[in-house]
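This is what each chain is made of:
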Amino acid sequence: PANSVEDRVAAIVQVEAGLLAQGKEEEEQAPAPLGQSFHHIVWMGDFNFRVADPHPAPEHGVALLQAGKCAQYAKDYDELRHHQAEGTCLVDYTEPEMEESFVPTYKKVIGRCFRGTQGILDEFKLHHTQPWYKMGGSVDKPPAFCDRILLRSCPA
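Rules of the game
Within each chain, residues carry numbers counting from 1 in the order of the written sequence. Where totals are concerned, whole chains, interfaces and linings use all residues; where local detail is concerned, this predicted model gives features only for residues with pLDDT of at least 70, and gives and counts side-chain atom pairs only at 80 or more. Here the side-chain values reflect all heavy atoms present in the structure, with hydrogen atoms and water set aside. Between N-to-C directions, angles cover 0 to 180 degrees, with each direction set by a line fitted to C-alpha atoms, over the stretch in contact for helices. Starting at the N terminus, helices and strands are each numbered in turn, a helix being any DSSP run of H or I of at least four residues and a strand any DSSP run of E of at least two. Oblique is the label for every angle not falling under 35 degrees (roughly parallel), over 145 degrees (roughly antiparallel), or within 65 to 115 degrees (roughly perpendicular). It only takes one pair of heavy atoms within 4.5 Å for two residues to be counted as in contact. In this count, Pro and Cys sit with the nonpolar residues alongside Ala, Val, Leu, Ile, Met, Phe, Trp and Tyr, while Asp, Glu, Lys and Arg are called charged and the others, Gly among them, polar. Note on aromatic pairs: the rings of Phe, Tyr and Trp (six-membered ring only in Trp) are paired at centre separations within 6.5 Å, and the planes decide the class, stacked below 30 degrees, edge-to-face beyond 60, tilted for the rest. A simple rule labels every residue: compare its accessible area, found with a 1.4 Å probe on the protein chains alone, to the largest value its type can have, and call it buried under 20%, exposed over 50%, or partly exposed in between. Note that the arc is computed from the directions linking the helix axis to the C-beta atoms. Salt bridges are identified by distance alone: a Lys or Arg side-chain nitrogen within 4 Å of an Asp or Glu carboxyl oxygen.

**Describing the packing of helix H4 (residues 70-77) against helix H5 (residues 79-86)**
Then, in step 1: H5 packs onto H4 with a crossing angle of 50° between their chain directions and a minimal axis gap of 6 Å. By the angle between their directions, the pair H4 and H5 is classed as oblique. When H4 is examined against H5, the residues Ala 74, Lys 75, Asp 76 and Tyr 77 are found in contact with a partner set consisting of Glu 79, Arg 81 and His 82.
Then, in step 2: Taken together, the residues of the contact of H4 with H5 sort by class into 2 nonpolar, 1 polar and 4 charged.

Next up, the structure:
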């Protein structure tokens with residue numbers, strides 16, 4: 001679900017619970033937390049986490065990206081990182097070190113391929129017109145890191 005950050009966190013909790021419930025009968029005791037059930041866990045895919053509120057104007061984010069400060073942009077504004085720091089979601093998971101040149105994956109202009117930080121303004125759809133059934137109007141869409149790889153390993 002992409003409607004709100006609360007929905008995104010709830011979806012991860014639901015997937016985690018579903019993984020733990022696999023093969024368990026209802027009368028069995030509650031399973032151990034996911035991190036205690038497996039030695040290594042890799043979560044990957046489109047987590048749909050966006051830029052945390054209050055988020056910067058899309059143009060501010062693009063300015064950071066154009067300056068080659070992609071990792072700084074993620075550190076300062078990423079919803080998932082904020083929730084990890086608060087202890088509400090995927091707390092014990094890490095991501096591979098992000099290169100400063102690693103650009104966000106959301107919301108790209110359809111048909112555009114990344115051509116370097118100089119043309120980054122052309123890469124992202126910064127303002128989106130909502131369809132009539134979503135009340136219409138224009139919505140800011142700051143670039144965000146939706147596609148992720150998260151890792152967790154039990155201590156040896």
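**Topic: the packing of aromatic side chains**
Then, in step 1: The full count for this structure, using the stated rule, is 6 aromatic pairs.
Then, in step 2: Between Tyr 73 and Phe 145 the ring centres are 6.3 Å apart and the planes differ by 55°, which places this aromatic pair in the tilted class. Placement of the pair is Tyr 73 in helix H4 and Phe 145 in the loop between strand E3 (138-140) and strand E4 (147-153), with a sequence separation of 72 residues. The same class applies to Tyr 73 and to Phe 145, which are both buried.
Then, in step 3: Relative to Phe 145, the ring of Phe 102 lies with its centre 6.1 Å away and its plane at 15°, an arrangement referred to as stacked. Here Phe 145 lies in the loop between E3 and E4 and Phe 102 lies in the loop between H5 and helix H6 (120-123), a separation of 43 residues in the sequence.
Then, in step 4: Grouping aromatic residues by their ring pairs yields a cluster made of Tyr 73, Tyr 77, Phe 102 and Phe 145.

**Quick word on H5**
Then, in step 1: Every buried residue of H5 is accounted for by Glu 79, Leu 80, His 83 and Gln 84. The buried residues of H5 occupy one face: seen down the axis, they fall within an arc of 135°. More than 90 degrees from the buried face of H5, the exposed residues found are Ala 85 and Glu 86.
Then, in step 2: Looking at the residues trailing H5, positive phi occurs at Gly 87, about 80°.

**Re the pattern of salt bridges**
Then, in step 1: Under the counting rule described, the total for this entry stands at 5 salt bridges.
Then, in step 2: As a salt-bridge pair, Glu 79 and Arg 8 come within 3.1 Å of each other at their nearest N and O atoms. Within this pair, whereas Glu 79 is found in helix H5, its partner Arg 8 is found in helix H1 (residues 5-21), the two being separated by 71 residues in sequence.
Then, in step 3: The class for Arg 8 is buried, based on a relative accessible area of 6%.
Then, in step 4: A salt bridge links Glu 95 to Arg 148, with the shortest nitrogen-to-oxygen separation between them at 2.8 Å. Of this pair, Glu 95 sits in the loop between H5 and H6 while Arg 148 sits in strand E4, and the two are 53 residues apart along the sequence.

**Here's the deal with the packing of helix H3 (residues 58-66) against H4**
Then, in step 1: With their axes 7 Å apart at the nearest point, H3 and H4 run at an angle of 145° to one another. In contact with His 60, Gly 61, Leu 64 and Leu 65 of H3, H4 contributes Cys 70, Tyr 73 and Tyr 77.
Then, in step 2: The residue inventory of the contact of H3 with H4, partitioned by class, reads 5 nonpolar, 2 polar and no charged.

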